[in-house]
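Observations on the three-dimensional arrangement
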Amino acid sequence: MKKIVVTGGAGFIGSAFVRFQLERYPGTKVVTLDALAYSGNPANLEGLDPERHRFVQGDIADPEAVRTAVEGADAIVNFAAESHVDRSLMGAEAFIRTNITGVEVLLRAAREFGVQRYLQVSTDEVYGSIDEGAFREGDPLSPRNPYSASKAGGELFARAHFETFGVPVVITRGSNTYGPRQYPEKVLPLFVTNAIDGLPLPLYGDGLNVRDWLYVDDHAAGIDCALRQGVPGEIYNIAGGNERTNIELTRKILALTGRDESLVKPVTDRPGHDRRYSIDASKLNALGWRPQMPWDDGMARAVQWYQENEAWWRPIKSGEYRAYYDAQYGAR
Ligand code: TYD
């Protein structure tokens, strides 16, 4: 693949994928299309070779911006999304626009320009919650919050374009992702940066919800494997293999930041809070992908990155973020 368009490439997982492509495939050029909405950050793409990487600011729901970026591309990998469940509980319009309408606009461009692959980055949240065992790709969609409903909607449009128009669509469903450069609304960077500042860690409900943690570079590698080895029309789970309760995750963060449990502040639970996510990644394993990052090393690296990169997150936490934080946590 000579030219890959990465939408949402200025975000957390997207920017890791852009770096992965440029490092792994010397013959590949990348165009990042990103609207630079609240969580997109040009700092995430600093230092890339301008001969091989081009940044275009644009919204995936804007057909003209998309057509300009996609013309001549071999593949589109779509990371652009509204991704935070708690924000989707406050209003879902932006989620519908980006995660459904935007996907449909991209799929139309994929069809028009005859790309070799369209990869839709999705989430394990489309399966909903599971108390025991792990979901496989053939299991029914059962999203339970506005965010996951919008991601499921995007997937259905992707599948529709595969079935109806033969667009070579591949879908990945990743588990909860962690690592450097994650916007500090998500639990891990929120708790790490609060712990650094000695601020409370707002733990929802009983803290026993389970998430399966996947290191961001492993997620990028999994998407790359599905992109290059995957079969059009197929779905691939990408699992971290690190299921932890939120209280276990919190204790790990406290240990790594040298804080004690007095910082933990139990707060009112998230409405409709999914209890446990678990997926089986055997299908992607069969194509050669395995997560490489052990949990202890990944957590140590992630926490150290936030400790060493205050210049990255402090401006974020003092900006628009403050209004969000007050609205989200003020009354809890
Ligand atoms: P989050 O990072 O929002 O990811 P997702 O909801 O997509 O899994 O949340 C991860 C878990 O952490 C989830 O069970 C909710 C919990 N959580 C808290 O306990 N407190 C918080 O402030 C946040 C943001 C999340």
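Residues numbered from 1 in each chain as written. Predicted model: local features only at pLDDT ≥ 70, side-chain atom pairs only at ≥ 80, totals over all residues. Heavy atoms only, no water.

Brief notes about the overall build of the protein
Worth spelling out the cut-off: Where helices and strands are cited, they refer to DSSP runs of H or I of at least four residues and of E of at least two residues respectively, numbered from the N terminus. Between the two quantities, the radius of gyration covers C-alpha atoms and the globule rule is 2.2 Å times the number of residues to the power 0.38. Each residue is placed in one exposure class: buried if its accessible area under a 1.4 Å probe, protein chains only, is under 20% of its type's maximum, exposed if it is over 50%, and partly exposed if it falls in between. Note on contacts: a residue pair is in contact if any heavy atoms of the two residues lie within 4.5 Å. For the area figures, the Shrake-Rupley method with a 1.4 Å probe applies, and any residue is considered shielded solely by the protein chains shown. In this tally Asp and Glu are treated as negative and Lys and Arg as positive; neither His nor the chain ends contributes. Charge coordinates come from a single atom per side chain, which is NZ of Lys, CZ of Arg, CG of Asp or CD of Glu.
Looking only at helices and strands, one finds 12 helices and 13 strands in the protein. For a compact globule of 332 residues, the expected C-alpha radius of gyration is about 20 Å, and the protein comes in at 19 Å, within 12% of that figure. Here the C-alpha coordinates of the protein stretch approximately 55 × 40 × 35 Å along the principal axes. Within the protein, the proportion of its 332 residues that are buried is 57%. Across the protein, the fraction of contacts at a sequence separation of at least 24, relative to all contacts at a separation of at least 6, is 82%. When the accessible surface of the protein is summed, it comes to about 13400 Å², and 50% of that surface belongs to carbon and sulfur atoms. Each charge class in the protein was averaged separately, 37 positive and 44 negative side chains, and the resulting centres sit 2 Å apart.

Quick look at the pattern of salt bridges
Working definition: two side chains of opposite charge can pair if their charged atoms are close together. Note the threshold: Salt bridges, as used here, are contacts in which a Lys or Arg side-chain nitrogen is within 4 Å of a carboxyl oxygen on Asp or Glu.
Within this structure, the stated rule accounts for 21 salt bridges. The salt bridge involving Asp197 is made with Arg314; its shortest N-O contact spans 2.8 Å. Here Asp197 is found in the loop between α6 (187–196) and β8 (201–204), whereas its partner Arg314 is found in helix α11 (residues 310–318), with 117 residues between them in sequence. Classification of Asp197 as partly exposed rests on a relative accessible area of 35%. By relative accessible area, Arg314 is classed as partly exposed at 33%. For Lys252, the salt bridge identified is with Asp296, shortest N-O distance 2.7 Å. Here Lys252, found in helix α8 (residues 246–257), pairs with Asp296, found in helix α10 (residues 295–308); they are 44 residues apart in sequence, far enough to count as distant. For Asp296, a relative accessible area of 46% translates into the label partly exposed.

A word on the site of the ligand
Inclusion rule: Whether a residue is near a molecule or strand depends on its heavy atoms: if one lies within 4 Å, it is near. Identification of polar contacts relies on pairs of N or O atoms within 3.5 Å, with a donor-acceptor requirement for protein atoms, meaning one able to donate a hydrogen and the other able to accept it, and with residues adjacent in sequence counted only if both atoms are side-chain atoms. Any residue that is not Ala, Val, Leu, Ile, Met, Phe, Trp, Tyr, Cys, Pro, Asp, Glu, Lys or Arg is counted as polar, Gly included; the first ten are nonpolar and the last four charged.
In the vicinity of the ligand lie 20 residues, with Glu125, Arg211, Arg270, His273 and Tyr329 positioned nearest. Contact distances for the ligand include 2.7 Å between an oxygen atom and a side-chain N or O atom of His273. Between the ligand and Tyr329, the relevant distance is 2.6 Å, taken from an oxygen atom to a side-chain nitrogen or oxygen of the residue. Those elements that provide at least two residues to the shell around the ligand are α3 (85–90), α6 and β8. For the shell around the ligand, the per-class residue count stands at 9 nonpolar, 5 polar and 6 charged.

Some points on the nonpolar core
Counted only if it meets this: The term nonpolar core refers to a set of buried residues drawn from Ala, Val, Leu, Ile, Met, Phe, Trp, Tyr and Cys, joined through side-chain atoms within 4.5 Å.
If you look at the biggest cluster of nonpolar residues, it comprises 69 residues, and the most contacted ones within it are Val77, Tyr178 and Leu188. With sequence-adjacent residues up to four places away left out, Leu188 is seen in contact with Tyr178, Gln182, Leu249, Ile253, Met299, Ala302 and Tyr306. Ranked by size, the runner-up nonpolar core spans 20 residues in total, among them Leu33, Ile76, Val105 and Tyr118.

Looking at the environment of Asp49
Locating Asp49 in the fold gives a position in the loop between β2 (29–34) and β3 (53–57). On a C-alpha basis, the gap between Asp49 and Leu188 in space is 30 Å, while along the polypeptide they are 139 residues apart. Here the side chain of Asp49 touches Glu51 through a polar contact of 2.8 Å, landing on its backbone nitrogen.

These figures come from the coordinates and say nothing about function on their own.
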